[in-house]
Amino acid sequence: MLRQIEGSRAVAEAVALCRPEVICAYPISPQTHIVEGLAELVKSGELAPCEFVNVESEFAAMSVAIGASAAGARAYTATASQGLLYMTEAVFNASGLGLPIVMTVANRAIGAPINIWNDHSDSMALRDAGWIQLYAETNQEAADLHVQAFRIAEELSTPVMVCMDGFVLTHAWEQVDAFLPPFEPRQVVDPAAPSSIGAMVGPEAFTEVRYLAHARLMEALDLVPDIADRFAETFGRNSGGLIHAYRTEDAETIVIALGSVLGTIKDTVDELRDDGLRIGVLGITCFRPFPTDAVRHAVEHAKRVVVVERAFEPGVGGIVTQNVRSATPGTRIDTVVAGLGGRAITKASLTGLFRDAVADRLPPLTFLDLNRSLIDRELGRLAAGRRSGPTAENMLRDLGAVASRIG
């Protein structure tokens, strides 16, 4: 049966099909509908046995997930933006303890200023927390990745973060049951056999513990594509994996990106191909661990690479770019920061951008559709006097807006 439903409900149903035993979450837009949908399924008895735990904060949500997973339960939570940052300490604890928790991150900008729209700054801020990070390109893939995430997490005993911009689900109970076996934890807190978890470890062994966490992540470079292949055999569609190449076979210029922006980039590349430009696209699904060898192989014949980023490091530049550069030394790599705070990334803007790239006119760091006059006015205020006022509010006044809006 084929259905089209609202994306958050699709993820809720996908997670429910994975038979979690403990779900804990604190509502924060835009993930709220996901956990609301799961709460309804638990309350109705459709998802059983499962305990839905209402917590007082995102930190508590991850803490409950840690406790549940350590006790041998299949645990799930979801968050976004400041909520993810609030649980940071516990996020590191989950990976350090090797607990196979699955978490949805409904990617959203980090404030200040307040912004409830999409970019990747939240999950990128925790890219080094020891979690596997999977980024969905399409609505269907977002749902599919959750099913794969539980299996990956439980085979490696490592937490997995599924990052998405939007999602639609088509599924059946029997298929997921066959694909995802019952949870058999590698470690369980058992009163019948008392042991410590999260014990103090000093200099004599801390390096070795951290190395093993790294080694588990590196195992995912083989497991993630293997699980994706098995998923394709079971469900008849390709989702997941490390990377996805599109029209790269003869491409002189390859555009690299993560997430839903890939659809717009592919449409733009199709039109440029019609004009004779040899350009292709490489989508990265698994950002952590970074698929260095796969990326190197995918772009080895390209003259130049353009990385489109939905987040960046102030004072440095592109986040994804640094990883790509380490994989492809000697290749020209330019960074384009785009879509921050939910700003639209249009084909018109991308077309001009990619034409500049092909002609080697693109600077090393570009902020797509940057309003330079708005920047210059604020820089003028900052230079004119010490009490220049709050930057965000000054810019809104310059734009004639009292508050931000979509568009």
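None of the values given here were measured: they were computed from a predicted structure.

Each value, and the rule that gives it
Residues numbered from 1 in each chain as written. Predicted model: local features only at pLDDT ≥ 70, side-chain atom pairs only at ≥ 80, totals over all residues. Heavy atoms only, no water. Helix = DSSP H or I, 4+ residues; strand = E, 2+ residues; numbered from the N terminus. Rg over C-alpha atoms; globule rule 2.2 N^0.38 Å. Buried < 20%, exposed > 50% of the residue type's maximum accessible area, 1.4 Å probe, protein only. Patch = residues over 30% accessible without salt bridge, like charges linked within 9 Å, V, L, I, M, F, W, Y side chains within 5 Å. Areas by Shrake-Rupley, 256 points an atom, 1.4 Å probe, with all protein chains shown as cover. Salt bridge = Lys/Arg side-chain N within 4 Å of Asp/Glu carboxyl O. Pairing = 2+ DSSP bridges. Axes fitted to C-alpha atoms, helices over the stretch in contact; angles between N-to-C directions. Phe/Tyr/Trp six-rings, centres within 6.5 Å; stacked < 30°, edge-to-face > 60°.

(A) Seen up close, the overall build of the protein chain. Helices and strands together make up the secondary structure of the protein chain, namely 15 helices and 15 strands. Its C-alpha atoms give the protein chain a radius of gyration of 22 Å, near enough to 22 Å, the size a compact globule of 407 residues would have. Projecting the C-alpha coordinates of the protein chain onto the three principal axes gives extents of approximately 65 × 55 × 55 Å. Split into buried and exposed, the 407 residues of the protein chain put 51% on the buried side.

(B) Spatial organisation of a nonpolar patch on the surface. Together, Val 201, Phe 206 and Val 209 line one region of the surface with nonpolar side chains, adding up to about 230 Å² of accessible area. Counting through the fold element by element, Val 201 comes out in the loop between helix 8 (173–179) and helix 9 (206–235). With a relative accessible area of 32%, Val 201 lands in the partly exposed category.

(C) Fine view of the pairing of strand 4 (residues 102–106). Counting buried residues along strand 4, five of its five residues qualify, which places the element largely inside the surrounding structure. Residues Val 102, Thr 104 and Ala 106 line one face of strand 4 and the alternating positions Met 103 and Val 105 line the opposite face, and both faces are buried. Where strand 3 (residues 75–79) meets strand 4, four bridges bridge the pair, whose relative direction is parallel. Within strand 4, the residue paired with Thr 77 across the bridge is Met 103.

(D) Spatial organisation of the sheet that holds strand 1 (residues 22–25). Strand order in the open sheet formed by seven strands is 2-1-3-4-6-5-10, and the pairing between neighbours is mixed. In the strand order of this sheet, the two ends are held by strand 2 (51–54) and strand 10 (286–288), each with one partner. Geometrically, the sheet is characterised by an average inter-axis angle of 20 degrees between neighbouring strands, direction not taken into account. Two strands pair when backbone bridges link them, and strand 1 and strand 2 are joined in this way by four bridges, in the parallel orientation.

(E) The arrangement of the pairing of strand 11 (residues 304–309) in detail. Along strand 11, six of the six residues are buried, which leaves the element largely enclosed by surrounding structure. Across four bridges, strand 8 (residues 253–257) lies against strand 11 in parallel orientation. By the bridge assignment, Ile 256 is partnered in strand 11 with Val 307. In the sheet, strand 11 pairs with strand 14 (residues 332–337) via six bridges, with the strands oriented parallel. Along strand 14, the bridge assignment pairs Val 306 with Asp 334.

(F) The arrangement of the packing of aromatic side chains in detail. By the definition in use, this model includes six aromatic pairs. Relative to Phe 231, the ring of Phe 179 has its centre 5.5 Å away and its plane inclined at 90 degrees; by these criteria the two rings are edge-to-face. Taken as a pair, Phe 179 in helix 8 and Phe 231 in helix 9 lie far apart in primary sequence, 52 residues in all. Grouping residues by exposure puts Phe 179 and Phe 231 together as buried. Centroid distance Phe 287 to Phe 290: 6.0 Å. Interplanar angle 85 degrees. Geometry classified as edge-to-face. Taken individually, Phe 287 and Phe 290 each receive the classification buried, so the pair is uniform in this respect.

(G) Quick look at unusual backbone geometry. With an omega dihedral of 0 degrees, the bond running from Ala 112 to Pro 113 counts as a cis peptide bond. Of note, Pro 113 is situated in the loop between strand 4 and helix 6 (121–125). With a phi angle near 60 degrees, Asp 360 is a residue other than glycine that sits in the positive phi range. Its place among the elements puts Asp 360 in the loop between helix 13 (347–358) and strand 15 (365–367). According to the relative accessible area criterion, Asp 360 is partly exposed, its value standing at 42%. Located in the positive-phi region is Asp 369, a residue other than glycine, with phi close to 60 degrees. Along the chain, Asp 369 turns up in the loop between strand 15 and helix 14 (372–384).

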